[in-house]
Amino acid sequence: MTPRPGLPLGRIAGAPVYLSPAWVLIAAVVMLTFGPQVRRLLPSLGAGAYLVALGYAVILAVSVLVHEAAHAMVGRAQGLPAEEVVLTLWGGHTQFRGLHTTPLGSVATALAGPASNLALAGLAWAALGLTEAAGLIDGRGVASLLLQMTVWANVLLAAFNALPGLPLDGGRMVESAVWAATGSRDRGTEAAGWSGRVLALAVPALAVGLPLLRGDAPDLLVAALALWVGLMLWQGAGRAVAVGRRRRLLDDLRQEGPPSPEQRPDAAPTDPTDSAAAHTARPCLPKEHRA
Ligand SMILES: [Zn+2]
């Protein structure tokens, strides 16, 4: 029996939802990064500032959960049930039982994630404006900070995941565009993997290069985070290139003769980046916000 990938949180669109133990690491990093900042903004909180920073981590997890739930629901509406939703060390993923059959269907499922984050950001922004205008919350208080965090986290989740390269959702759009143009999903997967590799190099290069161009020293935390994100992207993109290439070669072989059972290119995917089966959300540490 396969071990559970984490703490069960319930079900979404029929699929079990798990919280990976590694999420605790993200929560600790967010708490230690933003705790001092919250304390500077609201000195009266004292050590309670770190509890507010922990609230940031919870908001990030809920935002990722909404993102993955949107993937799962749009997939299920197309007759593609999700097998599981997991909140992981650096985001989450939704694993489907099978593959999308059309480029349009794959794009719809991919777009649902970033779109849900934009919707959540809009709701939080409206709630912030309305409650402050009505005098229900203090514009420099904890509730205002948490709502601002919800706006920032969701805008960044949507923007980052829409970048055009696998393993990000935007990569599914590249994959589907090439798939629609060539008739080959596998060529699409390979192309989207290559664009993911370009992104993997661009993210750390920009994080270090942009401050240098302005004559500033790069922020070490931002540079380390960008390098980590770049490494994760590089691994996912490399797997996508390999999967696309392997399936294309197997398809060629299949056209030449019947494949052996282990060569079936339509076997159930076991890797989150294996073709169109998985959708992921990657969190960025949100930008510093100002009260
Ligand atoms: Zn996603």
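Structure: see above.
Everything in this summary refers to the structure shown in the same document.

So, how was this worked out
Residues numbered from 1 in each chain as written. Predicted model: local features only at pLDDT ≥ 70, side-chain atom pairs only at ≥ 80, totals over all residues. Heavy atoms only, no water. Helix = DSSP H or I, 4+ residues; strand = E, 2+ residues; numbered from the N terminus. Buried < 20%, exposed > 50% of the residue type's maximum accessible area, 1.4 Å probe, protein only. Patch = residues over 30% accessible without salt bridge, like charges linked within 9 Å, V, L, I, M, F, W, Y side chains within 5 Å. Areas by Shrake-Rupley, 256 points an atom, 1.4 Å probe, with all protein chains shown as cover. Salt bridge = Lys/Arg side-chain N within 4 Å of Asp/Glu carboxyl O. Axes fitted to C-alpha atoms, helices over the stretch in contact; angles between N-to-C directions. Left-handed = near helix turned anticlockwise from the far one by under 90°. Contact = heavy atoms within 4.5 Å. Nonpolar A, V, L, I, M, F, W, Y, C, P; charged D, E, K, R; others polar. Pairing = 2+ DSSP bridges. Core = buried A, V, L, I, M, F, W, Y, C linked by side-chain atoms within 4.5 Å. Phe/Tyr/Trp six-rings, centres within 6.5 Å; stacked < 30°, edge-to-face > 60°. Lys NZ or Arg CZ within 6 Å of the ring centre and 35° of its normal.

## A word on unusual backbone geometry
Line of reasoning, step 1. Going from Leu166 to Pro167, the amide bond is cis rather than trans, its omega being 15 degrees.
Line of reasoning, step 2. In this structure, Ala13 takes a positive phi of about 50 degrees despite not being glycine.
Line of reasoning, step 3. Structurally, Ala13 is set in the loop between strand E1 (7–12) and strand E2 (15–19).
Line of reasoning, step 4. Among the residues examined, Ala13 registers a relative accessible area of 17% and is labelled buried.

## Notes on a nonpolar patch on the surface
Line of reasoning, step 1. Among the surface-exposed residues, Leu206, Leu210 and Leu213 lie close enough to one another that they form a single nonpolar patch of about 330 Å² accessible area.
Line of reasoning, step 2. Within the element layout of this structure, Leu206 appears in helix H6 (residues 185–213).

## Brief notes about the packing of helix H2 (residues 48–77) against helix H3 (residues 103–133)
Line of reasoning, step 1. At a minimum axis separation of 8 Å, H2 and H3 run at an interaxial angle of 140 degrees. Between H2 and H3 the crossing geometry is right-handed. The segment H2 lies against H3, with Ser63, Val66, His67, Ala70, His71, Val74 and Gly75 engaging Ala108, Thr109, Ala110, Ala112, Gly113, Pro114, Ser116, Asn117 and Leu120.
Line of reasoning, step 2. Across the contact of H2 with H3, the residue classes tally to eight nonpolar, eight polar and no charged.

## Remarks on the pattern of salt bridges
Line of reasoning, step 1. Applying the stated rule across the entire model yields five salt bridges.
Line of reasoning, step 2. A salt bridge links Arg172 to Glu175; the shortest N-O distance between them is 3.3 Å. Pair noted here: Arg172 and Glu175 are both in helix H5 (residues 169–182), with a separation of three residues, about one helical turn. The same class applies to Arg172 and to Glu175, which are both buried.
Line of reasoning, step 3. Of the charged contacts in the structure, one is a salt bridge between Arg245 and Glu190, with a shortest N-O distance of 3.6 Å. Residue Arg245 is found in helix H7 (residues 220–256), and its partner Glu190 is found in helix H6; the two are separated by 55 residues along the sequence.

## Topic: the pairing of strand E3 (residues 82–88)
Line of reasoning, step 1. Taken across its seven residues, E3 has five buried, putting it largely inside the fold.
Line of reasoning, step 2. Where E2 meets E3, three bridges bridge the pair, whose relative direction is parallel. When the sheet's bridge partners are listed, Leu19 is paired in E3 with Leu87.
Line of reasoning, step 3. Where E3 meets strand E4 (residues 91–96), six bridges bridge the pair, whose relative direction is antiparallel. The residue of E4 that forms the bridge with Leu87 is Gly92.

## As for the environment of Ala223
Line of reasoning, step 1. One can find Ala223 in helix H7.
Line of reasoning, step 2. Classification of Ala223 as buried rests on a relative accessible area of 17%.
Line of reasoning, step 3. With 14 residues separating them in the primary sequence, Ala223 and Gly209 have C-alpha atoms 9.8 Å apart.

## What to know about the nonpolar core
Line of reasoning, step 1. Among the nonpolar cores identified, the biggest contains 22 residues, and Trp23, Val30, Val38, Tyr56 and Leu145 are the most heavily contacted of them.
Line of reasoning, step 2. For this core, the secondary-structure elements that each account for two or more residues are helix H1 (23–41), H2 and helix H4 (142–161).
Line of reasoning, step 3. Residue contributions to this core peak at nine residues, all from H2.
Line of reasoning, step 4. The contacts of Val38, once residues within four sequence positions are left out, are Leu45, Ala49, Val52, Tyr56 and Leu145.
Line of reasoning, step 5. Core analysis: the next-biggest nonpolar cluster, separate from the first, contains ten residues, Ile12, Ala15, Ala69 and Ala72 among them.

## What to know about the environment of Ala121
Line of reasoning, step 1. Mapped onto the elements of the fold, Ala121 is located in helix H3.
Line of reasoning, step 2. Taking C-alpha positions, Ala121 is 9.3 Å from Met149, a pair spaced 28 residues apart along the chain.
Line of reasoning, step 3. With residues near it in sequence (within four places) discarded, Ala121 still touches Val151, Asn154 and Val155.

## Some words on the packing of aromatic side chains
Line of reasoning, step 1. Considering all chains together, one arrives at one aromatic pair under this definition.
Line of reasoning, step 2. With a centroid separation of 5.4 Å and 65 degrees between ring planes, the pair formed by Phe34 and Tyr56 is classed as edge-to-face. Residue Phe34 is located in helix H1, and its partner Tyr56 is located in helix H2; the two are separated by 22 residues in the primary sequence. With respect to burial, Phe34 and Tyr56 carry one shared label: buried.
Line of reasoning, step 3. Over the face of the ring belonging to Trp194 we find Arg197, whose NZ or CZ atom lies 4.6 Å from the ring centre.
Line of reasoning, step 4. The positively charged end of Arg197 is found above the aromatic ring belonging to Trp234, 5.2 Å away from the centroid.

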